Amino acid sequence: MNKKCGRYFGGLLSSQARWLDKMSDRGWRLVRAERLIYEFEPCRPGQVRYCVEYIGNRSHADAEEYRCFLEDLGYRTFYKNVNLNWNIGKVVARPWADRGGRLATDATTLNRELLIVEKENDGKQFQLHTTFEDKIRYYKAMRRPGLFLLAMSVALGAVLRTWVAGIFAVLALIQIVACQIELARLEKQGELQEW
Amino acid sequence: MRDNAKGGALTEVTFYILLALHTPRHGYGVMRFIEEKTVGRLSLGAGTLYGALNALLDKGWIEPWGEEGGRKREYTVTPLGREVAKRELDRLERLIEVAQDIIGGAG
């Protein structure tokens, strides 16, 4: 019998992956992921492992091609929202995204900013990005929405003089600093090593 | 570390992908080839492989192979990609010659 759990992780991708790994260790593998609900079916304890990847910067075509590529490798994938948007027919501008992904709609990448990837557990650490060059590219893509939000918050705060803009600016700064710390570590290690 | 197009030096990942695709393979085949040939030393993540394959497609060093609508997309090296791989082999052979001369007989 399937089991449903309600959780919201927002942009905490590693926490989400760790929780899904724990569910797998308890004998539950993901079959469906909705805005706040995860549905699981029974499996052998520890049978599968998870990665959660931010793909909100990709165009719809690229995101779909990437998902198909992963499925071809034998992985199972699930789209997941990063924000809690309830909407129909909404269009969102993402100036930081790659070409083709700068206008997100219900039919494209809106509420599909994350990709949960499931792999059969082979005892090795499950990583989607393994070279420093690729990891740096990934963290730079993750940092771009934060930079945009910070710039917008500062501009709106200056014009409207509202404290709400300050809250968004602080949230953006936390994300930028977290990415920046990781980028600095990766760039230092990547000077001499390829992976 | 990146491919040094000017100097001709490739990253190990790029060189191994070009070598793997001297025989047409899909993504999983490339991953297995690299893992086998390096005895597990180099294990490519799927996201890294996807980015590397797309970069090599953009450079024209590899191309899709077989039917477009096939279940799994396969790739093969292009004549330009073979030339790039050959140049890298020549560069590495020359490097090994120099290294042998200097430190090879030191022991």
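Residues numbered from 1 in each chain as written. Chains lettered and ligands numbered in written order. Predicted model: local features only at pLDDT ≥ 70, side-chain atom pairs only at ≥ 80, totals over all residues. Heavy atoms only, no water.

Engineer: Explanation requested: the overall build of chain A in the structure shown.
Structural biologist: Secondary structure summary: chain A contains 4 helices and 8 strands in total. Helices (α) and strands (β) of chain A occur, in sequence order from the N terminus, as β-α-β-β-β-α-β-β-β-β-α-α. The C-alpha radius of gyration of chain A comes to 18 Å, within 12% of the 16 Å expected for a compact globule of 195 residues. Expressed along its principal axes, the backbone C-alpha trace of chain A runs to roughly 55 × 50 × 30 Å. The buried share of chain A, taken over its 195 residues, is 47%. Across chain A, contacts joining residues at least 24 apart in sequence account for 69% of those joining residues at least 6 apart. Entry remark: accessible area of chain A is about 10,500 Å², with carbon and sulfur atoms responsible for 59%. Charge-centre separation for chain A: the mean point of 30 positive side chains lies 6 Å from the mean point of 23 negative side chains. (Helix = DSSP H or I, 4+ residues; strand = E, 2+ residues; numbered from the N terminus. Rg over C-alpha atoms; globule rule 2.2 N^0.38 Å. Buried < 20%, exposed > 50% of the residue type's maximum accessible area, 1.4 Å probe, protein only. Contact = heavy atoms within 4.5 Å. Areas by Shrake-Rupley, 256 points an atom, 1.4 Å probe, with all protein chains shown as cover. Lys, Arg positive; Asp, Glu negative; His and termini not counted. Charge placed at Lys NZ, Arg CZ, Asp CG, Glu CD.)

Engineer: How should I be thinking about the environment of Phe148(A) in this particular structure?
Structural biologist: All names here are of chain A. Tracing the chain through its elements places Phe 148 in helix H3 (residues 132-160). Between the C-alpha atoms of Phe 148 and Arg 76, which are 72 residues apart in sequence, the distance is 32 Å. Contact partners of Phe 148, with chain neighbours within four places excluded, come to Pro 95 and Trp 96.

Engineer: What's the story with the pairing of strand S8 (residues 114-120) of chain A in this structure? I'm lost.
Structural biologist: Each regular strand displays side chains that alternate between the two surfaces of the sheet. All names here are of chain A. With 6 of its 7 residues buried, S8 lies for the most part within the structure. Of the strand pairs in this sheet, strand S4 (residues 48-54) and S8 are connected by 7 bridges, and their pairing is antiparallel. Note on S8: the bridge partner recorded for Cys 51 is Val 117. By the bridge criterion, 5 bridges tie strand S5 (residues 76-80) to S8 in an arrangement that is antiparallel. By the bridge assignment, Lys 80 is partnered in S8 with Leu 114. (Pairing = 2+ DSSP bridges.)

Engineer: Is there a simple way to think about the pairing of strand S3 (residues 74-77) of chain B in this case?
Structural biologist: Pairing analysis gives 2 bridges linking strand S1 (residues 25-26) of chain B to S3(B), with the strands arranged antiparallel. Along S3(B), the bridge assignment pairs His26(B) with Glu74(B).

Engineer: Is there a simple way to think about the interface of chain A and chain B in this case?
Structural biologist: Often, the extent of an interface is quoted as the loss of accessible area on bringing the components together. Facing the 24 residues of chain A at the interface are 25 residues of chain B. Surface buried jointly by chain A and chain B totals about 2,000 Å² across both partners, of which 53% is contributed by carbon and sulfur atoms. A per-residue breakdown of the area chain A buries against chain B is headed by Phe69(A), Asp72(A) and Trp195(A), which together make up 31% of the total. Linking chain A to chain B there are 2 salt bridges. With its nearest N and O atoms 3.5 Å apart, the salt bridge here joins Glu65(A) to Arg73(B). Along the contact surface separating chain A from chain B lie 12 residue pairs in polar contact (both at pLDDT 80 or more). At the level of secondary structure, the elements contributing two or more residues to the side of chain A that touches chain B comprise helix H2 (60-72) and H3 of chain A. (Buried area = accessible area lost by both parts, 1.4 Å probe. Salt bridge = Lys/Arg side-chain N within 4 Å of Asp/Glu carboxyl O. Polar contact = N/O pair within 3.5 Å; in protein donor to acceptor, adjacent residues only side chain to side chain.)

Engineer: Any chance you could explain the sheet that holds strand S2 (residues 28-33) of chain A here in plain terms?
Structural biologist: By way of backbone hydrogen bonds, the strands of a sheet pair with one another, either parallel or antiparallel. All names here are of chain A. Reading across the sheet, the 3 strands line up as S1-S3-S2 and stay open at both edges, with antiparallel pairing between neighbours. Of all strands in the sheet, those with a lone pairing partner are strand S1 (3-6) and S2, marking the two edges. Averaged over neighbouring strand pairs, the angle between their axes works out to 35° when direction is ignored. By the bridge criterion, 4 bridges tie S1 to strand S3 (residues 37-42) in an arrangement that is antiparallel. Considered in S3, the bridge of Gly 6 is made with Ile 37. The strands touched by helix H1 (residues 13-25) within the sheet are S1, S2 and S3, with S3 carrying the most contacts at an inclination of about 30°. (Axes fitted to C-alpha atoms, helices over the stretch in contact; angles between N-to-C directions.)

Engineer: Mind showing me how you'd approach the nonpolar core here?
Structural biologist: What tends to happen in soluble globular proteins is that the nonpolar side chains get buried as a cluster. Ranked by internal contacts, the top residues of the largest apolar core, which has 38 residues, are Tyr75(A), Leu128(A), Ile17(B) and Leu18(B). Looking at this core, the elements with two or more residues in it are H2 and S8 of chain A together with helix H1 (12-20), helix H2 (27-37), helix H3 (46-59), S3 and helix H4 (79-104) of chain B. Residues in contact with Ile17(B), not counting those within four places in the same chain, are Val30(B), Ile34(B), Leu44(B), Leu49(B), Ala52(B), Leu53(B) and Leu56(B). (Core = buried A, V, L, I, M, F, W, Y, C linked by side-chain atoms within 4.5 Å.)

Engineer: Sorry, what's going on with the pattern of salt bridges here?
Structural biologist: Opposite charge on two side chains makes pairing possible when the charged atoms of those side chains draw close. Residues and elements named next belong to chain A. Evaluation of the coordinates by the stated rule reveals 24 salt bridges over all chains. Between Arg 58 and Glu 53 there is a salt bridge, with the nearest N and O atoms lying 3.8 Å from each other. Here the two residues Arg 58 and Glu 53 agree in accessibility, since each one is buried. With a closest N to O distance of 3.2 Å, Arg 144 and Asp 98 form a salt bridge.

Engineer: Mind showing me how you'd approach the packing of aromatic side chains here?
Structural biologist: For any pair of aromatic rings, geometry is given as the distance between the ring centres together with the angle between the planes. Residue and element names in this part refer to chain A. Under the definition given, this model contains 9 aromatic pairs over all chains. Seen from their ring centres, Phe 9 and Tyr 38 are 6.3 Å apart, and the 80° between their planes marks the pair as edge-to-face. On the criterion of sequence distance, the pair formed by Phe 9 in the loop between S1 and H1 and Tyr 38 in strand S3 is long-range, its members being 29 residues apart. Of the two residues, Phe 9 and Tyr 38, both sit in the buried class. (Phe/Tyr/Trp six-rings, centres within 6.5 Å; stacked < 30°, edge-to-face > 60°.)

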